[in-house]
Amino acid sequence: MNNKPKLPTFDRSIFTVNHSLNDKIDLLTKNEDFQENHKKLRKILKKSAI
Amino acid sequence: MNKPSYKIETSADGLWYEFVSDSQHKSIRKGVGYYLYEENDIEYAELAFGDILPNGNIDIKAISDNQDMVIVLSTVIITLYNFFELYPQKTVVFTGSSASRNRLYRAIISKLFEEGRQFFDVSGINYDGSKELFIKNKDYLAFQISLKNE
């Protein structure tokens, strides 16, 4: 049985790696609006798992 | 997927994407982030989307209305495709920071659902906490996407 997820085809040529973006995800985690939203989402997911 | 989309810059790990929303009115730098975390043995990636501010931070509450919604939605969906190529076992989740942002997310999911339902399991989480397969045009509190297994 092959459980490998199937992927859609898309144009990879539109992507360019920019190493100056590498720390942006860490910046996101310091964003207060994101932190608030993250807490809200975790509560929603916890409730939906019950 | 061959819909018009913007050129995308990405971090090396594929967790952060930026592109420029361009119209006759203005150019706005947009960011899409996938924040990885684990809970109850499920590997989640929380999607965040917003405008990039001059200081490099992201405003996830921004409503820019730059008359290019279709291209922006297609571009965000392509970041999802790329993300799942790199992280096929993750479950992408998100909720809007406001009702209008949730409507935007619903539009993204509707478009994804139209174009890629054969690839993705898409669920909506209702306001009472119940989860169901996504129904187009229905209002949800949060959304969940994972790749289908072959």
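Coordinates for the structure precede this section.
Residues numbered from 1 in each chain as written. Chains lettered and ligands numbered in written order. Predicted model: local features only at pLDDT ≥ 70, side-chain atom pairs only at ≥ 80, totals over all residues. Heavy atoms only, no water.

**Section: the pairing of strand β4 (residues 42–52) of chain B**
Residues and elements named next belong to chain B.
Here is step 1 of the chain: Along β4, 9 of the 11 residues are buried, which leaves the element largely enclosed by surrounding structure.
Here is step 2 of the chain: Bridge count for strand β3 (residues 27–39) against β4 is 10 bridges, and the pairing is antiparallel. Across the sheet, residue Lys-30 finds its bridge partner in β4, namely Asp-51.
Here is step 3 of the chain: If you look at the hairpin formed by β3 and β4, you'll find 2 residues sitting between the two strands, and Asn-40 has a positive phi there, around 50°.
Here is step 4 of the chain: Pairing analysis gives 3 bridges linking β4 to strand β6 (residues 91–94), with the strands arranged parallel. (Buried < 20%, exposed > 50% of the residue type's maximum accessible area, 1.4 Å probe, protein only. Helix = DSSP H or I, 4+ residues; strand = E, 2+ residues; numbered from the N terminus. Pairing = 2+ DSSP bridges.)

**Things to note about the interface of chain A and chain B**
By a frequent convention, interface size equals the accessible area lost on bringing the separate parts together.
Here is step 1 of the chain: With 36 residues of chain A in contact, the opposing surface of chain B contributes 54 residues.
Here is step 2 of the chain: When the two sides are added together, the surface that chain A and chain B hide from each other amounts to roughly 4,300 Å², 62% of it contributed by carbon and sulfur.
Here is step 3 of the chain: Among the residues chain A hides against chain B, the three largest losses belong to Lys-6, Ile-14 and Phe-15 of chain A. Together they make up 14% of the total.
Here is step 4 of the chain: Our count for the contact surface shared by chain A and chain B stands at 4 salt bridges. (Contact = heavy atoms within 4.5 Å. Buried area = accessible area lost by both parts, 1.4 Å probe. Salt bridge = Lys/Arg side-chain N within 4 Å of Asp/Glu carboxyl O.)

**Topic: the packing of helix α1 (residues 69–86) of chain B against helix α2 (residues 99–116) of chain B**
Residues and elements named next belong to chain B.
Here is step 1 of the chain: Here α1 crosses α2 at 65°, and the two axes come no closer than 10 Å. In terms of orientation, α1 and α2 fall into the roughly perpendicular class. By crossing handedness, the relation of α1 to α2 is classed as right-handed. Contact residues: α1 offers Met-69, Val-70, Leu-73, Ser-74, Val-76, Ile-77, Leu-80 and Tyr-81, while α2 offers Leu-104, Ala-107, Ile-108, Lys-111, Leu-112, Glu-115 and Gly-116. (Axes fitted to C-alpha atoms, helices over the stretch in contact; angles between N-to-C directions. Parallel < 35°, antiparallel > 145°, perpendicular 65-115°, else oblique. Left-handed = near helix turned anticlockwise from the far one by under 90°.)

**Let's talk about the packing of aromatic side chains**
Here is step 1 of the chain: Going through the model one piece at a time under the given rule, you end up with 20 aromatic pairs over all chains.
Here is step 2 of the chain: For the ring pair Phe-10 of chain A and Tyr-81 of chain B, a centre distance of 5.8 Å and an interplane angle of 65° mean the geometry is edge-to-face. Pair noted here: Phe-10 of chain A is in the segment before β1 (15–17) and Tyr-81 of chain B is in helix α1, and the two residues belong to different chains. For the pair shown, Phe-10 of chain A and Tyr-81 of chain B are each scored as buried.
Here is step 3 of the chain: Taken together, a centroid distance of 5.8 Å and an interplanar angle of 70° make the contact between Phe-83 of chain B and Phe-84 of chain B edge-to-face. The same class applies to Phe-83 of chain B as to Phe-84 of chain B, namely buried. (Phe/Tyr/Trp six-rings, centres within 6.5 Å; stacked < 30°, edge-to-face > 60°.)

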